Amino acid sequence: MPAVSIVIPMKNEAENVAFLLDEIALACTALDSHEVIVVDDGSTDDTAGRVRDRMAADPALRLLRHATSAGQSAAVHSGVLTARAPIICTLDGDGQNPPAELPKLWGPLLADRTGKLGLVAGQRVGRKDTASKRWASRLANALRARILRDGTRDTGCGLKGFRRDAFLALPYFDHMHRYLPALFRRDGWEVALVDVSHRERRAGRSNYNNLQRALVGLHDLVGVAWLIKRRKKARASEDTGNVV
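What this report covers is the structure whose coordinates are included nearby. Computed from a predicted structure; not experimentally measured. (Residues numbered from 1 in each chain as written. Predicted model: local features only at pLDDT ≥ 70, side-chain atom pairs only at ≥ 80, totals over all residues. Heavy atoms only, no water.)

## Quick look at the sheet that holds strand S3 (residues 61-66)
Think of a sheet as strands paired side by side through backbone hydrogen bonds, with each pair either parallel or antiparallel.
Inference 1: If you walk across this open sheet you meet the seven strands as S3-S2-S1-S4-S6-S5-S7, and the pairing is mixed. On the outer flanks of this sheet lie S3 and strand S7 (190-196), each paired with one strand and no other. Along the sheet, successive strands turn relative to each other by an average axial angle of 20 degrees, direction set aside.
Inference 2: Bridge analysis of strand S5 (residues 117-124) against strand S6 (residues 160-163) gives three bridges, and the strand direction is antiparallel. Counterpart to Val 120 in the pairing with S6 is Gly 161.
Inference 3: Sitting on the sheet, helix H1 (residues 17-27) is in contact with strand S1 (4-10), strand S2 (34-41) and S3, with an inclination near 165 degrees to S1. (Pairing = 2+ DSSP bridges. Helix = DSSP H or I, 4+ residues; strand = E, 2+ residues; numbered from the N terminus. Axes fitted to C-alpha atoms, helices over the stretch in contact; angles between N-to-C directions. Contact = heavy atoms within 4.5 Å.)

As structure tokens, then:
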């Protein structure tokens, strides 16, 4: 069984497959065992073909495919469901999240002996996006932080590490990947935040725009606030019948 599963959602990222997988393989040399799961979310280019070409030479590499695009959260969820490791790390398939940052995610989770740490979330430093994207993200993060009080300045970063069982116990909905700190805290898990670097896109183009994100973000924010308010407030503990 692998110690860590790396899940990468991809849509029309054929030109980024080779260098991204090479960098992930290099980052994972520190692990005793791992697997890499690429989830092709309804690509219309040769993303799946480029991944498939590498699978014969890399037994740690796996490919999942959505027949039609279902979005980033759906791709991550499919990857986690298929993953075999207890620890999951995710990063975006556009190459803007440097794989060299992955040890910052799995390190605290593998070292945790308390069983309380559920999520390690990356927060981008020195973002290399356009000015309009940075401003839109800043406004969205400020609104989210004010309403949810989740203690993080950047939930849109694709670099995240978490316990597989804890993630699968969360309520699933589209775009949930942007609210993981709030959702993990809702379920009583500790959340660690780490600064990570960011870089420019080398090839291809973004699958999202600022207007799309703003429209769905407002709707999702209301829903997540409702989920937090309605959270379960007690956990059951087993009574073994032993008298001390």
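Structure shown, so let's carry the discussion forward.
## Considerations on the nonpolar core
Inference 1: With 29 residues, the main nonpolar core has Ile 6, Ile 8, Leu 21, Ile 24, Val 38, Leu 102 and Trp 106 as its most contacted residues.
Inference 2: Look past the residues within four positions of Leu 21 in its chain and what remains in contact with it is Ile 8, Val 36, Val 38, Arg 54 and Leu 61.
Inference 3: The next biggest cluster of nonpolar side chains, apart from the first, holds 27 residues, and it includes Ala 75, Val 76, Phe 173 and Leu 180. (Core = buried A, V, L, I, M, F, W, Y, C linked by side-chain atoms within 4.5 Å. Buried < 20%, exposed > 50% of the residue type's maximum accessible area, 1.4 Å probe, protein only.)

## Concerning the state of the cysteines
Inference 1: Overall, the coordinates contain zero disulfides when judged by the stated rule.
Inference 2: Here Cys 28 stays unpaired: no disulfide links it, and the sulfur of Cys 89, its closest cysteine neighbor, is 8.1 Å away.
Inference 3: According to the relative accessible area criterion, Cys 89 is buried, its value standing at 0%. (Disulfide = S-S within 2.5 Å.)

## Some points on helix H4 (residues 103-111)
In an α-helix, one turn spans 3.6 residues; hence positions three or four apart end up facing the same way.
Inference 1: By the burial criterion, the buried members of H4 are Leu 105, Trp 106 and Leu 109. Seen along its axis, H4 keeps its buried residues to an arc of 75 degrees; they face one direction.
Inference 2: Elements in contact with the buried residues of H4: S1, H1, strand S4 (87-90), S5, S6 and S7. (Arc of directions from axis to C-beta.)

## Things to note about H1
Inference 1: Those residues of H1 lying buried are Val 17, Phe 19, Leu 20, Leu 21, Ile 24 and Ala 27.
Inference 2: Close packing links the buried residues of H1 with S1, S2, helix H2 (47-55), S3 and H4.

## Section: the pattern of salt bridges
Inference 1: Tallied over the full model, the rule gives 12 salt bridges.
Inference 2: Where Asp 94 meets Arg 201, a salt bridge forms, and the shortest distance between an N and an O atom there is 3.8 Å. Of the two residues, Asp 94 is situated in the loop between S4 and H4 and Arg 201 in the loop between S7 and helix H8 (210-229); the sequence distance between them amounts to 107 residues.
Inference 3: Of the residues examined, Asp 94 reaches a relative accessible area of 13% and is grouped as buried.
Inference 4: Because the salt bridges share partners, they merge into one network encompassing Glu 13, Asp 94 and Arg 201. (Salt bridge = Lys/Arg side-chain N within 4 Å of Asp/Glu carboxyl O.)

## Examining the pairing of S4
Inference 1: Burial along S4 is two-sided: the face carrying Ile 87 and Cys 89 and the face carrying Ile 88 and Thr 90 are both buried.
Inference 2: Here S1 runs beside S4; their pairing, made up of four bridges, is parallel. From the neighbouring strand, Val 7 faces S4, where its bridge partner is Thr 90.
Inference 3: Of the strand pairs in this sheet, S4 and S6 are connected by four bridges, and their pairing is antiparallel. Counted as the bridge partner of Cys 89 is Gly 161 from S6.

## Some words on the side chain of Arg 124
Inference 1: Counting through the fold element by element, Arg 124 comes out in strand S5.
Inference 2: Relative accessible area serves as the criterion here: at 12%, Arg 124 is assigned to the buried category.

## Focus: empty space enclosed by the protein
Inference 1: Under the definition given, this model contains one cavity of 30 Å³ or more.
Inference 2: Looking at the largest cavity, its volume works out to about 90 Å³.
Inference 3: By residue class, the composition of the lining of the largest cavity is five nonpolar, four polar and two charged. (1 Å grid on protein atoms, 1.4 Å probe; cavity = no way out; pocket = protein on both sides within 12 Å on 5 of 7 lines; lining within 4 Å. Points joined across faces, edges and corners; volume = space filled by probe spheres on them. Nonpolar A, V, L, I, M, F, W, Y, C, P; charged D, E, K, R; others polar.)

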